[in-house]
Structure formats: structure tokens, C-alpha cells
Amino acid sequence: MAYDLAEVPIGAVLVKDGEVIARACNLKEELGDPTAHAEILALKEGAARLGGWRLSGATLYVTLEPCPMCAGAMLQARIDRVVFGAWDPKAGAAGSLLNVLEFPLFNHRVEVLGGILEDECAAMLKSFFRRLR
């Protein structure tokens, strides 16, 4: 969906107890909102659906390694795990540049599993940026 909207094609799916509770894609351009990353939108939708901000027990699956803003939101939402595809050497905050999610001094940590379907995710992102240029 994001790809067709000329948005950077990043999608996020929030799962709890084996059930998809939210899904979203980047909508920064569409909404003119710098915070409209797929992860943030999925966390908001998940919190609305569950009736509260604590998303303990949830796993967020996302196309690209989270940025610092999204990593911070994941900590605040108290999710258990993030699983992502492609690493982001320019803005990654889950292991590439820094690891906000597993920083030992925070009161909550999020388990990080990166590089899952990395080649497929990276190819989609590269294709998008080639088309954009």
C-alpha cells in the first residue's frame, strides 16, 4: 500500500497472543505528519483496539529497522519484541547505529530480532528509491 502511495514502503504488523491486532504503513507524505511512521501508527491502532497504552506481550513486525523515534515509542508501549527485515545503517536504532531497545539503563527493554527476510525487504526498498529517482 505505501509503495503505491509513493510513501517509503515500510509496513508494520502488531501481533498479540497469535492475533493481528494492528497493521499500518508509512503515511508521512499522505498525512503531512513526520510521526506517521508505520510503527507509530500500528502502536496507536493496537492501543486503541486493546483499550490502553500498555502492549505487553505484543510483537511488532516491521520491514525496516526502527528509527530512534519508533524505538522510543516501542519502549513506551512496553511491547516484548520487534522483528524487522532490513537493517538501516543511516538511522537504525535497534543495532545498526545504536540500540535504544536493549539499552540496559532503561526500565524496559524490547527483544530485537533483525535481518528476517532481509534480502526481500532490502530489494523492495531499493526498488522504491530507484523508481523515485
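The preceding data block contains the structure.
Bear in mind the structure is a predicted one, so any value in this text is a computation, not a measurement.

Trainee: Any chance you could explain the pattern of salt bridges here in plain terms?
Mentor: Working definition: two side chains of opposite charge can pair if their charged atoms are close together. Using the criterion set out here, one finds two salt bridges in the structure. Here R81 and E111 are joined by a salt bridge, their closest N and O atoms 3.0 Å apart. Taken together, the residues R81 in strand β4 (residues 81-86) and E111 in strand β5 (residues 111-113) connect sequence positions 30 residues apart.

Trainee: Even after reading the chapter, I still don't get unusual backbone geometry, so can you show me in this structure?
Mentor: Trans is the common state for peptide bonds, and a negative phi is the common state for residues other than glycine. A positive phi angle is found at R78, which is not glycine, with a value near 65°. Inspection of the secondary structure assignment puts R78 in the loop between α3 (68-77) and β4. Phi at L117 takes a positive value of approximately 55°, unusual for a residue other than glycine. Among the structural elements, L117 can be located in the loop between β5 and α4 (118-132). Classification of L117 as exposed rests on a relative accessible area of 57%.

Trainee: Please clarify how the layout of surface pockets should be interpreted in this entry.
Mentor: Leftover empty space is mapped by rolling, across the atoms, a probe with the size of a water molecule. Here the largest pocket is characterised by a volume of approximately 630 Å³. As for the largest pocket, its lining consists of 27 residues, of which V8, I10, L64, D88 and F129 are closest to the centre. For the lining of the largest pocket, the secondary-structure elements that each account for two or more residues are α1 (28-31) and α4. Tallying contributions element by element places α4 first for the lining of the largest pocket, with six residues. Broken down by class, the residue content of the lining of the largest pocket amounts to 16 nonpolar, two polar and nine charged.

Cut-offs used in this document
- Residues numbered from 1 in each chain as written.
- Predicted model: local features only at pLDDT ≥ 70, side-chain atom pairs only at ≥ 80, totals over all residues.
- Heavy atoms only, no water.
- Salt bridge = Lys/Arg side-chain N within 4 Å of Asp/Glu carboxyl O.
- Helix = DSSP H or I, 4+ residues; strand = E, 2+ residues; numbered from the N terminus.
- Buried < 20%, exposed > 50% of the residue type's maximum accessible area, 1.4 Å probe, protein only.
- 1 Å grid on protein atoms, 1.4 Å probe; cavity = no way out; pocket = protein on both sides within 12 Å on 5 of 7 lines; lining within 4 Å.
- Points joined across faces, edges and corners; volume = space filled by probe spheres on them.
- Nonpolar A, V, L, I, M, F, W, Y, C, P; charged D, E, K, R; others polar.

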